[in-house]
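Close look at the chain arrangement
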Amino acid sequence: QRQCGKKNTLSHARKQALEALQFQWNTRTCWNQRYQQLVEYKSKFGDCFVPTNYKSNPQLGRWLANQKQHYRMQYEQQQQQQQQQ
């Protein structure tokens, strides 16, 4: 839906429905929110091992899994670039 909203193909009614749910269009805001939730999780549990099915905040677990995946992809790209040099 974020892509549709950017390309202006999302209907006005659908956009209003998402905004009524306080949908975050700004991904930086979303990232900062999840990061703050991770800080709170670490403060409570002493680690950052949030399960992907964390019942108190399932979005946090999925967000962290995505962050790890992006890191791995970036790391692998860097390794490939170094091997090619």
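Let us look at the structure shown here.

Reading the values: rules and limits
Residues numbered from 1 in each chain as written. Predicted model: local features only at pLDDT ≥ 70, side-chain atom pairs only at ≥ 80, totals over all residues. Heavy atoms only, no water. Disulfide = S-S within 2.5 Å. Core = buried A, V, L, I, M, F, W, Y, C linked by side-chain atoms within 4.5 Å. Buried < 20%, exposed > 50% of the residue type's maximum accessible area, 1.4 Å probe, protein only. Helix = DSSP H or I, 4+ residues; strand = E, 2+ residues; numbered from the N terminus. Phe/Tyr/Trp six-rings, centres within 6.5 Å; stacked < 30°, edge-to-face > 60°. Expected span 1.5 Å × (residues − 1). Polar contact = N/O pair within 3.5 Å; in protein donor to acceptor, adjacent residues only side chain to side chain. Axes fitted to C-alpha atoms, helices over the stretch in contact; angles between N-to-C directions. Parallel < 35°, antiparallel > 145°, perpendicular 65-115°, else oblique. Contact = heavy atoms within 4.5 Å. Nonpolar A, V, L, I, M, F, W, Y, C, P; charged D, E, K, R; others polar.

Section: the state of the cysteines
By the definition in use, this model includes zero disulfides. Cys48 carries a free sulfur, and the closest cysteine sulfur to it, the one in Cys30, is 20 Å from it.

Examining the nonpolar core
Residues Leu38, Tyr41, Val50, Tyr54, Leu60, Trp63 and Leu64 constitute the largest nonpolar core, which totals seven residues. Secondary structure elements with two or more residues in this core: helix H3 (27-45) and helix H4 (58-84). The biggest single contributor to this core is H4, with three residues.

Quick notes on the environment of Gln84
Along the chain, the position of Gln84 falls in helix H4. The exposed category is assigned to Gln84, whose relative accessible area is 68%.

Let's talk about the packing of aromatic side chains
Taken as a whole, this structure holds seven aromatic pairs when the rule is applied. Ring geometry for Tyr41 against Phe45: centres 4.5 Å apart, planes inclined by 40°, an arrangement best described as tilted. One end of the pair is Tyr41 and the other is Phe45, both in helix H3 and four residues apart, which spans about a single turn. A relative accessible area of 42% means that Phe45 is categorised as partly exposed. Taken together, Trp31, Tyr35 and Trp63 form an aromatic cluster joined through their ring pairs.

Looking at H3
When the terminal C-alpha atoms of H3 are compared, their 26 Å separation across 19 residues agrees well with the 27 Å that a helix rising 1.5 Å per residue should span. Its side-chain oxygen 2.8 Å from the backbone nitrogen of Arg28, Asn26 forms the N-cap of H3.

Let's talk about the packing of H3 against H4
Two numbers describe how H3 lies on H4: the axes approach to 10 Å, and their chain directions differ by 105°. In this view, H3 runs roughly perpendicular relative to H4, as classed from their interaxial angle. Between H3 and H4, the contacting residues are Trp31, Arg34, Tyr35, Gln37, Leu38 and Tyr41 on the first element and Gln59, Leu60, Trp63, Leu64 and Gln67 on the second. In terms of residue class, the contact of H3 with H4 is built from seven nonpolar, three polar and one charged.

The values reported here are purely geometric and, on their own, carry no functional implication.
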